[in-house]
Amino acid sequence: MSRILQSAGERRAETHPLTWRLHDDQSPVLLEEYLDTQGYAAVTKALEQHTYESLTEEVKSANLRGRGGAGFSAGFKWSLTMKGEGVPRGYIVCNADEMEPGTFKDRLLMEQQPHLLIEGMILAGIANRAKQGYIFLRGEYHLAAAAIQRALADARADGWLGADVRGSGWDFDIALHTGAGRYICGEETALINSLEGKRANPRAKPPFPGQSGAWGLPTVVNNVETLCNVPGIVNHGADWFQALSGDLSSDGGTKLYGVSGKVNNPGLWELPMGTTGNRILELAGGMRDGLTLKSWLPGGGSTGFLLPEHLELALDFDTIGKTGSRMGTGLLTVVADNQSMVSLTRNLEEFFSRESCGWCTPCRDGLPWSVKLLRALEAGEGEAGDIELLEQMARDLGPGKTFCAHAPGAAMPLASAIHYFRDEFERGITRPKGEAHADPIPVGSV
Ligand SMILES: Cc1cc2nc3c(=O)[nH]c(=O)nc-3n(C[C@H](O)[C@H](O)[C@H](O)COP(=O)(O)O)c2cc1C
Ligand code: SF4
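Model, not experiment: these values are computed from the prediction. (Residues numbered from 1 in each chain as written. Chains lettered and ligands numbered in written order. Predicted model: local features only at pLDDT ≥ 70, side-chain atom pairs only at ≥ 80, totals over all residues.)

Q: How should the overall build of the protein chain be read in this particular structure?
A: If you tally the helices and strands in the protein chain, you get 18 helices and eight strands. Its C-alpha atoms give the protein chain a radius of gyration of 22 Å, within 12% of the compact-globule value 22 Å for 446 residues. Projecting the C-alpha coordinates of the protein chain onto the three principal axes gives extents of approximately 75 × 45 × 35 Å. When burial is assessed residue by residue, the protein chain has 53% of its 446 residues classed as buried. (Helix = DSSP H or I, 4+ residues; strand = E, 2+ residues; numbered from the N terminus. Rg over C-alpha atoms; globule rule 2.2 N^0.38 Å. Buried ≥ 20, exposed ≤ 12 C-beta atoms within 10 Å, placed from the backbone.)

Q: I keep staring at the sheet that holds strand 1 (residues 91–96) and nothing clicks. Help me out?
A: Strand pairs in the sheet, formed through backbone hydrogen bonds, run parallel or antiparallel to each other. Overall, parallel pairing links the four strands, which are arranged 3-2-1-4 in an open sheet. Strands with a single pairing partner mark the edges of an open sheet, and in this sheet they are strand 3 (173–178) and strand 4 (219–223). Looking at each pair of strands side by side, their axes are set apart by 20° on average, direction ignored. Taken together, the five bridges between strand 1 and strand 4 define a ladder with parallel strand orientation. (Pairing = 2+ DSSP bridges. Axes fitted to C-alpha atoms, helices over the stretch in contact; angles between N-to-C directions.)

Q: Any chance you could explain the nonpolar core here in plain terms?
A: Across soluble globular proteins, nonpolar side chains have a tendency to be buried as a group. In terms of nonpolar packing, the biggest core is built from 122 residues, with V93, L117 and L123 touching the most fellow members. If one sorts the elements of this core by residue count, helix 6 (residues 114–127) sits on top with nine residues. Beyond its immediate chain neighbours, meaning those up to four positions away, V93 contacts Y134, F136, L191, L195, A214, T219, V220 and V221. (Core = buried A, V, L, I, M, F, W, Y, C linked by C-beta atoms within 7 Å. Contact = placed C-beta atoms within 7 Å.)

Q: Please explain the site of ligand 1 as it appears in this structure.
A: Near ligand 1, the surroundings consist of 25 residues, among which G66, G68, G186, N223 and T226 are the closest. Listing elements by their share of the shell around ligand 1, those giving two or more residues are strand 4 and helix 17 (406–420). In terms of residues, the shell around ligand 1 owes the most to one element, strand 4, which gives three residues. The residue inventory of the shell around ligand 1, partitioned by class, reads nine nonpolar, ten polar and six charged. Residue-level mapping places the shell around ligand 1 at the junction of two domains, with at least three residues from each of domain 1 (8–243) and domain 3 (341–430). (Near = placed C-beta within 6 Å. Nonpolar A, V, L, I, M, F, W, Y, C, P; charged D, E, K, R; others polar. Domains from an automatic or database assignment.)

Q: Please explain the sheet that holds strand 6 (residues 267–272) as it appears in this structure.
A: Sheet architecture is open: four strands sit in the order 6-5-8-7, paired in mixed fashion. Edge positions in the sheet fall to strand 6 and strand 7 (293–297), since each of these pairs with one other strand and no more. Looking at each pair of strands side by side, their axes are set apart by 30° on average, direction ignored. As paired elements, strand 5 (residues 254–260) and strand 6 share six bridges and run antiparallel to each other. Across the sheet, residue T254 finds its bridge partner in strand 6, namely P272.

Q: Is there a simple way to explain the environment of A214 in this structure?
A: By the element assignment, A214 lies in the loop between helix 8 (188–195) and strand 4. Residue class for A214 comes out buried when judged on the 21 C-beta atoms lying within 10 Å of it. Separated by 25 residues in sequence, A214 and T189 place their C-alpha atoms 8.7 Å apart. Every residue in contact with A214, bar those within four places of it in the chain, is listed here: Y91, V93, I192, L195, E196 and T219.

Q: Just checking my understanding: could you explain the domain arrangement of the protein chain for this structure?
A: Quite often, the size of an interface is put as the accessible area lost when its parts meet. In terms of domain boundaries, the protein chain breaks down into domain 1 (8–243), domain 2 (254–336) and domain 3 (341–430). Between domain 2 and domain 3, the residue contacts involve eleven residues of the former and twelve residues of the latter. For the side of domain 2 that touches domain 3, the residue count by class is four nonpolar, seven polar and no charged.

Q: Whenever I open this one, helix 7 (residues 142–157) confuses me. Can you help?
A: At 3.6 residues per turn, the α-helix brings residues three or four places apart onto the same side. Over its 16 residues, helix 7 extends 23 Å from the first C-alpha to the last, a length consistent with the 22 Å expected when each residue adds 1.5 Å. Buried within helix 7 we find A144, A145, A147, I148, A151, L152 and A155. One side of helix 7 carries all its buried residues, which in axial view fall inside an arc of 165°. Of the residues in helix 7, the exposed ones pointing more than 90 degrees away from the buried face are H142, A153 and A157. Among the structural elements, helix 1 (31–36), helix 5 (105–112), helix 6, strand 2 (132–137) and strand 3 are those in contact with the buried residues of helix 7. The first or second residue beyond helix 7 is G159, which carries a positive phi of 85°. (Expected span 1.5 Å × (residues − 1). Arc of directions from axis to C-beta.)

Q: I would appreciate a short explanation of unusual backbone geometry in the present structure.
A: Excluding glycine, most residues fall at negative phi; most peptide bonds, likewise, are trans. Residue P206 is reached from K205 by a cis peptide bond, and omega for that bond is -5°. Summarising the element assignment, P206 is placed in the loop between helix 8 and strand 4. Across the junction of P206 and P207, the peptide omega takes the value 5°, indicating a cis bond. Topologically, P207 is positioned in the loop between helix 8 and strand 4. Positive phi values are uncommon outside glycine, yet R129 reaches one of about 55°. Positionally, R129 belongs in the loop between helix 6 and strand 2. For D289, which is not glycine, the phi torsion reads 55° and is therefore positive.

This is how it looks when you write it as structure tokens:
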């Protein structure tokens, strides 16, 4: 189970808008308690005081950037959605697929605070004039599914969902859709296809979902954490949200940062956006068993490996973007000095290869080929030219060469591992045949 490691005493409504209500025993916050702690106040405020344009404007000026990994402004996305009198009302889709390796932040929010997500979706529904919401949930998240189902029923019984929401004359409901466990279903247009009951291949853009999404209607897809930030923005205003990150970042708000790997206290923390990797690693209790940090992924398997010196950087979209990596989901995966970069990279590429939807050639054929080469290097059976071939493949998988961002995501750890740790890859060619790597990962372990 995901653990938030700040105790209840440390978390306050003004500074920890995502987690201040959480219980230390990790039980979900139920409707009655949610209502007693300002819950659904933002919906009441939005229905009484906002138009859909002013609500969109508020979220836009808060500079809430999408927490699903790409960092696109939520308010800007909403401002591009087709809406208005005469335009058919469409959908709000919450992307809760969360299959990015090393990422477990949305699970915590859904298991423990489902009403915050529902409230965020209702607000997105008002701002985008939607008629229906869907939560597209990773199939294995059984606890989250149970918490959400109960919260949806309770919210409906109390008039926050369904016909004539709280006497406003506006109808809006939310349905839970559980996926069958494919990484590509997290890509927003593949997700829409899957929701419609079709094979989960990504769709061509344009048209963007905001113009023609699910069943051809305007559709907004946002990540769980993105949507959970909206009630705070509506309650306290865009300036408050911006101020949460202080001087640390030009991006507003807090972020659920996390750490997994060989650290003493893996877990999650809600911290100001722009907190450094050093601080996050410190909260995780540092490396365990006297190990030293060799490398780290800043936000999931589809981000690029970085070095210990990068830990001093602000973990936000623009700063990490300048290193050639991406902040992604903001959950760090640490690599210890005794772990093999070749082995780790092969393990990740195996995952990406398996999860390719098969639509375009570099991804469908290139990824299994890269796995084959990486396996040979891992076994000390690489040949001259293999590393250069892998580098060429990473370029061929890069942005603009394939139909969706799956392949460029897969290229990031591959290219960066070779860039920073080329010597380890070279040893896969030069070391005596059969000599094992340090701490190898068993094949097929993702
Ligand atoms: C292969 C792939 C998998 C993705 N998986 C997820 C996911 O599990 N959750 C998510 O929120 N976004 C995921 N995304 C990003 C979505 O396509 C989309 O950008 C995001 O849901 C938009 O929400 P946001 O703007 O609130 O971040 C994925 C993208 C790709 C290419
Ligand atoms: S890049 Fe990969 S996952 Fe994306 S459409 Fe092409 S084959 Fe499918």
